[in-house]
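Working through the structure, step by step
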Amino acid sequence: GHGKCDCGKCKCDEGWYGEACQYPAICNLTRKKSNEMCKNSQDVICSGAGTCQCGRCKCANSEENGLVYGKFCECDDRECIDDETGEICTGHGKCYCGNCYCEAGWHGDKCEFQCDITPWEIKKRCTSPDGKICSNRGTCVCGECTCHDVDPTGDWGDIHGDTCECDERNCKAVYDRYSDDFCSGHGQCNCGRCDCKEGWTGKKCEHPHSCPMSAEESTRKCQGNSNLPCSGRGRCECGQCTCFPPGDNRVHGKNCECDDRQCENADGDVCGGHGICSCGRCICQDGWFGKLCQHSRKCNMTEEESRSLCESADGVLCSGKGSCHCGKCICSPQEWYISGDFCECDDRDCDKHDGLICTGNGVCSCGNCECWEGWNGNACEIWLGKEYP
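No experiment lies behind these values; they were computed from the predicted model shown.

A word on the overall build of the protein chain. In terms of regular secondary structure, the protein chain is built from four helices and 38 strands. By its C-alpha atoms, the protein chain is 80 × 65 × 30 Å across when sized along the principal axes. Relative to its full complement of 389 residues, the protein chain shows a buried share of 40%. In the protein chain, once contacts between residues fewer than 6 apart in sequence are set aside, the share between residues at least 24 apart is 30%. For the protein chain, the exposed area adds up to about 22,500 Å²; of that, 47% sits on carbon and sulfur atoms. Each charge class in the protein chain was averaged separately, 42 positive and 65 negative side chains, and the resulting centres sit 5 Å apart.

Listed below in structure tokens is the structure:
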């Protein structure tokens with residue numbers, strides 16, 4: 001919005017520059033404020049691969065070869081260049097954010113090795129009984145599946161089998177790597193299915209035969225209005241929910257339906273200090289709004305100043321998926337999965353377990369799960385905190 005496109009290149013209006021006319025010539029931000037806006041998740045300005053200009057990163061060589069890019073210059077496609085041939089992914093794959101994704105029949109960090117079997121045979125060997133490549137839980141390399149092991153300790157993980165068809169996580173009533181919680185402690189886990197001991201039944205051996213109600217009735221009582229027993233945040237036994245992790249009173253309710261952790265930001269502030277949390281939702285004070293009461297209704301910026309801070313590197317306002325208020329993007333509430341400073345993220349990309357994004361034990365941040373304290377794993381499905389009582 002600050003120039004004209006001429007033969008594939010931007011000719012910027014006066015006062016703006018950059019390959020997409022995204023940088024103002026005069027900056028109204030302090031250096032400290034500008035640098036804060038340029039820090040990545042590790043607090044490194046422009047990932048050490050660019051310079052910060054008025055709150056936006058200008059990546060190294062961005063106007064020449066474009067191999068360093070991203071909001072914080074976090075993607076460096078120079079990592080994909082093969083030292084011997086000088087080609088990206090040796091011409092046998094595509095590079096995305098510094099990683100090579102190889103064509104069928106090729107493998108290696110730079111797609112430099114060719115498989116000795118045909119692509120058809122590779123696919124055949126890696127196809128699981130349900131027809132998916134490595135059960136969508138692993139990577140196929142030359143006909144062999146490498147399973148995505150979620151165990152951060154490096155021990156034998158929950159996912160195994162020739163085609164990663166066995167997922168032991170399905171046997172867990174609560175996600176605790178360090179306690180014997182397979183099949184609720186009342187059965188044996190075999191390739192993701194529970195074989196219950198005598199006296200116990202249910203998908204995870206959670207239902208005692210001595211219970212006066214059936215397993216179906218117990219589950220129904222634990223579900224309430226949720227699709228999952230105990231809202232996916234607790235253990236159901238004979239129609240009663242025990243919310244987990246135990247002792248954390250932020251998860252509560254008859255069916256563990258209230259998760260007050262959803263009111264906290266990454267720093268643990270509840271409703272930004274501008275509201276109160278009620279069953280996982282913020283009720284904001286007058287003058288504040290937003291999911292976490294993070295937006296002030298007052299604004300001391302001009303419309304032009306505000307819009308300049310809401311434009312992404314390609315010059316689009318809030319990626320076309322939100323509105324701009326006082327220099328910050330408010331993403332479309334109709335599309336719950338859109339997030340990010342510029343509404344550039346799709347939270348549907350976050351890992352799920354038992355049908356819950358981040359297993360309900362963390363928040364989805366720009367397509368990746370950020371787990372609550374004590375939780376780990378791609379989908380925050382592993383409890384690493386204190387032992388359960």
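Next comes the rest of the description.
Once that is clear, we can look at the UniProt feature "domain: Epidermal growth factor-like" (unreviewed entry) in the protein chain. As annotated by UniProt and renumbered to match this structure, "domain: Epidermal growth factor-like" (unreviewed entry) occupies residues 80-111, 263-293 and 350-380. Annotation note: span residues 80-111, helix share 0%, strand share 31%, distance between end C-alpha atoms 9 Å. This span, residues 263-293, is 0% helix and 32% strand, and a straight line between its end C-alpha atoms measures 9 Å.

The next point concerns the packing of aromatic side chains. Evaluated as defined, the whole model comprises zero aromatic pairs. Stacked on the ring of Tyr337, the Lys or Arg Arg348 has its end atom at 3.6 Å from the ring centre.

Residue position: His207 is located in strand β20 (residues 207-208). A polar contact is formed between the side chain of His207 and the backbone nitrogen of Ala215, at a distance of 3.4 Å.

For the rest of this paragraph, the subject is the domain arrangement of the protein chain. Assigned domains within the protein chain: domain 1 (3-112), domain 2 (125-146 + 158-206), domain 3 (215-256) and domain 4 (350-383). Each of domain 1 and domain 3 has a C-alpha centre, and the two are 46 Å apart.

We now examine a negative patch on the surface. Taken together, the side chains of Asp83, Glu84, Asp109 and Glu112 make up a negatively charged region of the molecular surface. Asp83 gets classed as exposed once you look at its relative accessible area, which sits at 73%.

Where the residue is not glycine, phi is negative for most of them; where a peptide bond is considered, it is trans in most cases. A positive phi is found at Ser135, a non-glycine position, where the angle reads about 55°. Mapped onto the fold, Ser135 is located in the loop between α2 (119-126) and β13 (138-141). With a relative accessible area of 6%, Ser135 lands in the buried category. A positive phi angle, near 55°, is found at Cys164, a position not held by glycine. The topology assignment puts Cys164 in the loop between β15 (159-160) and β16 (166-167). According to the relative accessible area criterion, Cys164 is buried, its value standing at 0%.

Moving on: the state of the cysteines. As enumerated under the stated definition, the model contains 32 disulfides in all. The side chain of Cys59 participates in a disulfide bridge whose partner is Cys73; the two sulfur atoms lie 2.2 Å from each other. Judged by the torsion about the S-S bond (-95°), the Cys59/Cys73 disulfide is left-handed. Taken together, the residues span a long stretch of sequence, with Cys59 in strand β6 (residues 56-59) and Cys73 in the loop between β7 (68-69) and β8 (75-76) at a distance of 14 residues. Taking relative accessible area as the criterion, Cys59 reaches 10% and is therefore assigned buried. Note on Cys5: no disulfide assigned, nearest cysteine sulfur contributed by Cys10 at a separation of 5.5 Å. With relative accessibility at 63%, the residue Cys5 sits in the exposed group.

Quick look at the confidence of the model for the protein chain now. Looking at the protein chain, the pLDDT average stands at 83 and 92% of residues meet or exceed 70. Strand β38 (residues 382-383) is the least confidently modelled element of the protein chain, averaging 70 in pLDDT, while strand β25 (residues 275-278) averages 95, the highest of any element. Considering only residues more than four positions removed or in separate chains, one finds that residues 151-155, a stretch of pLDDT under 50, has nine contacts.

Bridging between strand β9 (residues 93-96) and strand β10 (residues 99-102) involves four bridges; their strand directions are antiparallel. Looking at β10, one finds that Lys94 is bridged to Tyr101. If you look at the hairpin formed by β9 and β10, you'll find two residues sitting between the two strands, and Cys97 has a positive phi there, around 50°.

Mapped onto the secondary structure, Cys54 falls in the loop between β5 (50-53) and β6. Expressed as a C-alpha distance, the spacing of Cys54 and Tyr23, which sit 31 residues apart in the sequence, is 7.2 Å.

The next point concerns the pattern of salt bridges. All told, the structure shown has 10 salt bridges when counted by the stated rule. Between Arg125 and Glu121 there is a salt bridge, and its shortest N-O distance comes to 3.2 Å. In this pair, Arg125 and Glu121 both sit in helix α2, four residues apart, roughly one turn of the helix. Given the relative accessible area of 45%, Arg125 is considered partly exposed. What emerges from the salt-bridge pattern is a single network uniting Arg233, Asp259 and Arg261.

Before going further, it helps to examine helix α3 (residues 215-223). An α-helical segment advances 3.6 residues per turn. Residues three or four places apart therefore align on the same side. Regarding α3, the residues found buried are Ala215, Ser218 and Cys222. The buried residues of α3 occupy an angular sector of 65° when the element is viewed end-on, so they sit on one face. Residues Glu216 and Arg220 are exposed on α3 and point more than 90 degrees away from its buried face. In this structure, the buried residues of α3 make contact with β20, β21 (234-237) and β22 (240-243). Positioned one or two residues after α3, Gly224 has a phi angle of 60°, which is positive.

If you look at the biggest cluster of nonpolar residues, it comprises nine residues: Cys38, Cys46, Ala49, Cys52, Cys57, Cys59, Val68, Phe72 and Cys73. For Cys38, the residues in contact, after removing those within four places along its chain, are Val44, Ile45, Cys46, Cys52, Gln53, Gly55, Arg56, Cys57 and Phe72.

Cut-offs used in this document
- Residues numbered from 1 in each chain as written.
- Predicted model: local features only at pLDDT ≥ 70, side-chain atom pairs only at ≥ 80, totals over all residues.
- Heavy atoms only, no water.
- Helix = DSSP H or I, 4+ residues; strand = E, 2+ residues; numbered from the N terminus.
- Buried < 20%, exposed > 50% of the residue type's maximum accessible area, 1.4 Å probe, protein only.
- Contact = heavy atoms within 4.5 Å.
- Areas by Shrake-Rupley, 256 points an atom, 1.4 Å probe, with all protein chains shown as cover.
- Lys, Arg positive; Asp, Glu negative; His and termini not counted.
- Charge placed at Lys NZ, Arg CZ, Asp CG, Glu CD.
- UniProt positions renumbered as here; feature names shortened; annotations may be inferred.
- Phe/Tyr/Trp six-rings, centres within 6.5 Å; stacked < 30°, edge-to-face > 60°.
- Lys NZ or Arg CZ within 6 Å of the ring centre and 35° of its normal.
- Polar contact = N/O pair within 3.5 Å; in protein donor to acceptor, adjacent residues only side chain to side chain.
- Domains from an automatic or database assignment.
- Patch = residues over 30% accessible without salt bridge, like charges linked within 9 Å, V, L, I, M, F, W, Y side chains within 5 Å.
- Salt bridge = Lys/Arg side-chain N within 4 Å of Asp/Glu carboxyl O.
- Disulfide = S-S within 2.5 Å.
- pLDDT = per-residue confidence, 0-100.
- Pairing = 2+ DSSP bridges.
- Arc of directions from axis to C-beta.
- Core = buried A, V, L, I, M, F, W, Y, C linked by side-chain atoms within 4.5 Å.

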